[in-house]
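# Inside the fold
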Amino acid sequence: MSVVRVELDKLSPEDKEGENGTKSVFSKANELHADCCSLQLHISHSAPAGMNTSRSETVKEPPLKPSRRSMPCLAQSQTHPHCLSKHSSFLQSNRIQPQSRPLSAGTSTATVNVVSERNIGKDKDTYTDDSEHGNYDSRTDQSLLIQNTLTRQKPEPRTKSSLKNEMNATASSGLFFKDGKKRIDYILVYKKSSLQIEKRNTFEKNLRAEGLMLEREPAITSNDMFVKIHCPWDTLCKYAERMNIRMPFRKKCYYTDWRSKTMGSLQRNMRELKSWLPRNPMKLDKEALPDLEETDCYTAPFSRARIHHFTINNKDSFFSNSTRSRIVHHMLQRTKYEDGKSKMGINRLLNNGTYEAAFPPHEGSHKSRHPIKTHGAQNHRHLLYERWARWGMWYKYQPLDLIRRYFGEKIGLYFAWLGWYTGMLIPAALVGLFVFLYGLFTMDSSQVSKEICEANETIMCPMCERNCTLQKLNESCIYAKVTHLFDNGGTVFFAIFMAIWATVFLEFWKRRRAVLTYDWDLIDWEDEEEELRPQFEAKYSQVERVNPITGKPEPFQPFPDKLSRLMVSVSGIFFMISLVLTAVFAVVVYRLVAMEQFASFKWYFIKKYWQFATSGTGVCINFMIIMSLNVVYEKVAYLLTDLEHPRTESEWENSFALKMFLFQFVNLNSSIFYIAFFLGRFAGRPGKYNKLFNRWRLEECHPSGCLIDLCLQMGVIMVLKQMWNNFMELGYPLLQNWWSRRKIKKGGQLLEHKISLPQWEKDWNLQPMNLHGLMDEYLEMVLQFGFTTIFVAAFPLAPLLALLNNIIEIRLDAYKFVTQWRRPMPARATDIGIWYGILEGIGVLAVITNAFVIAITSDYIPRFVYAYKYGPCTDEGYRQEKCLQGYVNSSLSVFDLNELGMGYSGYCRYRDYRAPPWSSAPYEFTLQFWHVLAARLAFIIVFEHLVFGIKSFIAYLIPDMPKDLCDRMRREKYLVQEMMYEAELEHLQRERKKNGKQYHHEWP
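All residue numbers refer to position in the chain's written sequence, counted from 1. Given that the model is predicted, a residue must reach a pLDDT of at least 70 before its local features are reported, and side-chain atom pairs must reach 80 or more before they are shown or counted; all residues, however, enter totals for whole chains, interfaces and linings. To obtain the side-chain values, all non-hydrogen atoms of the structure were included, while hydrogens and water were left out.

The helix and strand tally for the chain stands at 34 helices and 20 strands. We call two residues in contact when some of their heavy atoms are within 4.5 Å. Sequence-distant contacts in the chain: of pairs separated by 6 or more residues, those separated by 24 or more amount to 77%. Calculation of accessible area relied on Shrake-Rupley with a 1.4 Å probe; when residues are assessed, cover is drawn exclusively from the protein chains displayed. For the chain, the accessible surface area stands at approximately 48400 Å², while carbon and sulfur atoms represent 58% of it. Helix and strand definitions here come from DSSP, where helices need a minimum of 4 consecutive H or I residues and strands a minimum of 2 consecutive E residues; each element is numbered from the N-terminal end.

A few words now on the nonpolar core. By convention a nonpolar core is built from buried Ala, Val, Leu, Ile, Met, Phe, Trp, Tyr and Cys residues, the set being connected through side-chain atoms within 4.5 Å. Remark: exposure states derive from per-residue accessible area (1.4 Å probe, protein chains only) relative to the maximum for the residue type, with buried under 20%, exposed over 50%, and partly exposed in between. Grouped together as the largest cluster of nonpolar side chains are 144 residues, with contacts concentrated most on Trp 417 and Trp 835. Broken down by element, this core gets its largest block of residues, 15 residues, from helix H16 (residues 409-441). Not counting residues within four places of it along the chain, the set of residues in contact with Trp 835 comprises Ala 657, Phe 661, Met 775, Tyr 778, Leu 779 and Val 782. Among the nonpolar cores identified, the runner-up in size contains 37 residues, and Ile 229, Cys 237, Ala 300 and Met 331 belong to it.

When two cysteine sulfur atoms are found within 2.5 Å, that pair is recorded as a disulfide. All told, the structure shown has three disulfides when counted by the stated rule. Between the sulfur atoms of Cys 453 and its disulfide mate Cys 477 the distance is 1.9 Å. Across the S-S bond of Cys 453 and Cys 477 the torsion is about 80°, and the bridge reads as right-handed. One end of the pair, Cys 453, is in helix H17 (residues 447-453); the other, Cys 477, is in helix H18 (residues 477-486), and 24 residues separate them in sequence. Relative accessible area serves as the criterion here: at 17%, Cys 477 is assigned to the buried category.

Classification of ring pairs rests on two measures: the distance between centres of Phe, Tyr or Trp rings, Trp counted by its six-membered ring, which must be within 6.5 Å, and the angle between planes, read as stacked under 30 degrees, edge-to-face over 60 and tilted in between. Per the counting criterion, the structure on display carries 51 aromatic pairs. A cation sits over an aromatic face here: Arg 914 above Phe 925, 4.2 Å from the ring centre. Placement of a positive charge over a ring is assigned whenever Lys NZ or Arg CZ falls within 6 Å of the ring centre and within 35 degrees of the normal to the ring plane.

This part is about the sheet that holds strand S5 (residues 186-191). Strand order in the open sheet made by the four strands is S6-S7-S5-S10, with antiparallel pairing throughout. A strand with exactly one partner marks an edge of an open sheet, and here the two such strands are strand S6 (213-218) and strand S10 (357-359). Pairs of neighbouring strands in the sheet enclose a mean axial angle of 20°, with direction left out of account. A strand pair is defined by DSSP finding two or more bridges across the two strands. Bridge count between S6 and strand S7 (residues 224-230): six bridges; the pairing is antiparallel. Bridged to Pro 218 within S7 is Met 225. Whenever a helix is involved, its axis is fitted only over the stretch in contact; in every case the axis is a line through C-alpha atoms, and angles between N-to-C directions fall within 0 to 180 degrees. Against the sheet, helix H6 (residues 197-209) contacts S5, S6 and S7, and its axis sits at roughly 140° relative to S6. In this fold helix H11 (residues 321-333) packs onto S5 and S7, with an angle of close to 45° to the strand it touches most, S5.

On the surface, Arg 271, Lys 274, Arg 279 and Lys 283 cluster together into a patch of positive charge. Looking at the secondary structure, you find Arg 271 in helix H9 (residues 265-276). Looking at Arg 271, the relative accessible area reads 55%, which means it is exposed. Patch membership is restricted to residues that have no salt bridge and whose relative accessible area is over 30%. Joining uses 9 Å for like charges and 5 Å for the nonpolar side chains Val, Leu, Ile, Met, Phe, Trp and Tyr. Counted as salt bridges are all cases of a side-chain nitrogen of Lys or Arg within 4 Å of a carboxyl oxygen of Asp or Glu. None of His or the chain ends enter the tally, which takes Lys and Arg as positive and Asp and Glu as negative. A single reference atom marks each charge: NZ on Lys, CZ on Arg, CG on Asp, CD on Glu.

By secondary structure assignment, the location of Glu 777 is in helix H28 (residues 775-789). When near neighbours in sequence (up to four residues on either side) are disregarded, Glu 777 contacts Tyr 414, Glu 729, Asn 770, Glu 809, Asp 813, Lys 816 and Trp 821.

Time to look at empty space enclosed by the protein. Points on a 1 Å grid, built from protein atoms alone, make a cavity when a 1.4 Å probe fits but cannot get out and make a pocket when they are open with protein on both sides within 12 Å along at least 5 of 7 lines; residues with an atom within 4 Å of a point are the lining residues. Grid points are joined across faces, edges and corners, and a volume is the space filled by probe spheres set on the points. Tallied over the full model, the rule gives ten cavities of 30 Å³ or more. Space inside the largest cavity adds up to approximately 130 Å³. Together, Met 463, Gln 471, Glu 475, Ser 476, Tyr 479, Lys 608, Tyr 609, Trp 610, Gln 611, Phe 612 and His 702 line the largest cavity. In terms of residue count, helix H23 (residues 610-644) provides more of the lining of the largest cavity than any other element does, three residues in total. A class-by-class count of the residues in the lining of the largest cavity yields five nonpolar, four polar and two charged. Residues are grouped as follows: Ala, Val, Leu, Ile, Met, Phe, Trp, Tyr, Cys and Pro are nonpolar; Asp, Glu, Lys and Arg are charged; every other residue, Gly included, is polar.

Turning our attention to unusual backbone geometry. Phi angles above zero are rare outside glycine, and Asp 521 is one such case at about 65°. Within the fold, Asp 521 resides in the loop between helix H19 (491-519) and helix H20 (534-539). Residue His 645 is not a glycine yet carries a positive backbone phi of 55°. Of note, His 645 is situated in the loop between H23 and helix H24 (649-677). Given a relative accessible area of 14%, His 645 falls into the buried group.

Structural data, given as structure tokens:
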């Protein structure tokens, strides 16, 4: 939705109405209604008998031009589904019917109903709004649900008994109060045995005093009590104005598509040609989801004094359900339960056990007995399930607007980022697959693989002390071919490509985020001043200072105390990192012990491939240690974060997220770093091997290199980690909800009495959202991003595995949010928070690690040096594989077996660049070793500077906001200036004409 931000409070200085009662232009025009406290707009031409009506008659507005902008604005609350529930027709019949008064096309009518202050507020505990009784129905945000092409049947006349039965059925559905008219906006749950009676009664009394309506109802299947909360129209308007919630701006919605006028003939022809092409199967069906279409309406901060400016065709759907829940949550956070400046807020009541839970209700069931194509969606939850959470929609784009409307902008941004990340993985996965296939097709023609497979007479030195025997080099033929799959000519290109890809992904995500924040009307939104954490207030209640934002005194943490706690927290982090390194060291010791045992194993297969068995079992043990330590890390991170005493919840979440990322990142990647940069580097040489504790000989790389071990480590950990995460995300909540349903059925209450649970009790039986919100979801994806980029030079299939996992992850998360979790409070956000900075840090680290992997772990640099300096193509340039003839023999040094003292004679070969035993300086490094070392260091420097330069240049070229969006914002800002003055002029002219006064066309 493209939205123009309209600052109504910036008309002019004299237009503002301050606390001193200065009259604005609006108050002068409405001086006859100066004693009124609220305006009520109805679709009807006349109100029923007994309702307060204003002295003004029905105002006819001039018809709006049928432009691209005006039509959606006018039709915002007129798009209803044809079949939502079995009670919709009844509730529609209860609505106020318009008179058969002829209207011209495009005419918008509204009756202004002014209620005197004397009629409101006499008894807030029993306050009800007349319009609430007449206008509520069971449809949820009717203006946003789908339409069908089916023709409506005329409702049949109903008897009073049938109407009463349908009203009772509507109330029992769990979306309304017992009267079947007041919609439930929030649910509070407490135990009947709870002792916090006084706090709860005071809190609920204060909620009623603020204008909310409460209704208690006991649970059917447990000893719980539900408190249903409804927010009336006047309260919604009051708090929407306080919270500066932007709502659709009704007047002057004209918008001519000026871009189409300036579009060239070639562009128009291309657009016509594109319309003849086959439809993109990944796009959602707009006919089934008309609410996904753009509804380009201007918005402005809601104001009761300027209520005539806003598009209020239907009071029931003017404030969406997510907005209503957000308003109620705002009130719950700021209502007191005891005397004292800090004794307020639902969070504190949840912490001290006064309430068990607080959540907005789902909009009904996510399933229906009737297909959605023929009967339409019952509610937004059903629509999300059918068009988003079902596994059959795995190839479709996500309905981000619908997700945002139901779950809020914060969760909407998470799924937008996840979808963007998944889409950007497609080119990375294709290039990585191409590099892998290139290695597969050139595997047999590789000169290095040929020489290893044909080395029948080359004897390799034993790779362990006691049980290893002499092996021929050609026994490593399979390892050499597998290594060529990942270490070939495309490795360097793919590493550079992935470094650039990470930059492009982050830069274009900033552009995508700018478009979303504009469409979702978040450009001018700022975080509200957060309340302090109860733990912070209790700890520092004796030390206060004035808050520079609110100007009120609040608890303050002295800097020495903060620094000391931070140092303790940092010490704890380093201690946990040292624990990770200890676990990695334990795995290394296991590999040293296991390779001796597997080399003498009874089974021939394990004895022959003892290195593979050692690496495989080591990876599995390492994975079990990783998953075990993750549980410990989470508890330690909680302890250290609480020890710091963060001031607000957002500060606590950021600190906790950073610790969890550091812990899990080191936990997952420490063993990979060991294999990539340390395995085989300090093993020594035959006759002079280095030993751990003077007992176990350090592990060497395979004759084909260490890259195959690195690939195995990354592949196993990545696949097992993703499988475990998917099980914990979906399998665990499914088991918990199954157990809850089993306990309910075991009680026999529902089966015996055939009672269907109301919606609020069904939601109570679901699992709550994670305690730290989306932290686990982001953490999983950010760690995967690290796997995809940091060691991608050694494992080019990582982007493909990540892509396949994310396709499943999106539907898993969607299914979990829609069906297995209670509805979270719709929160607002403009970005993904601290995670963007972490992603940028991973992108920088990826360039460095890939440079070292190519230079040190792979054999790319030794092959390069040999081809240009020592091979048959010396001084001719590297042309083809024939330039690597003799490379394997050049990379192997000679050792005299007589020096081992194991009864062997002759010579064996080992991987290194050392002089032979018959030279003047036996076993010393040769000149080729120093050439290779210099080339490796030079490659690292050149690669890093080149890639960082390309990344910086690309980041400079890509602006954070699309130019089209900038032009659109500037143009619409220009249009708003005229629109506001014209709207006020027409309004004041109508007021003068209605009161029989003279008026002119100029500003009155």
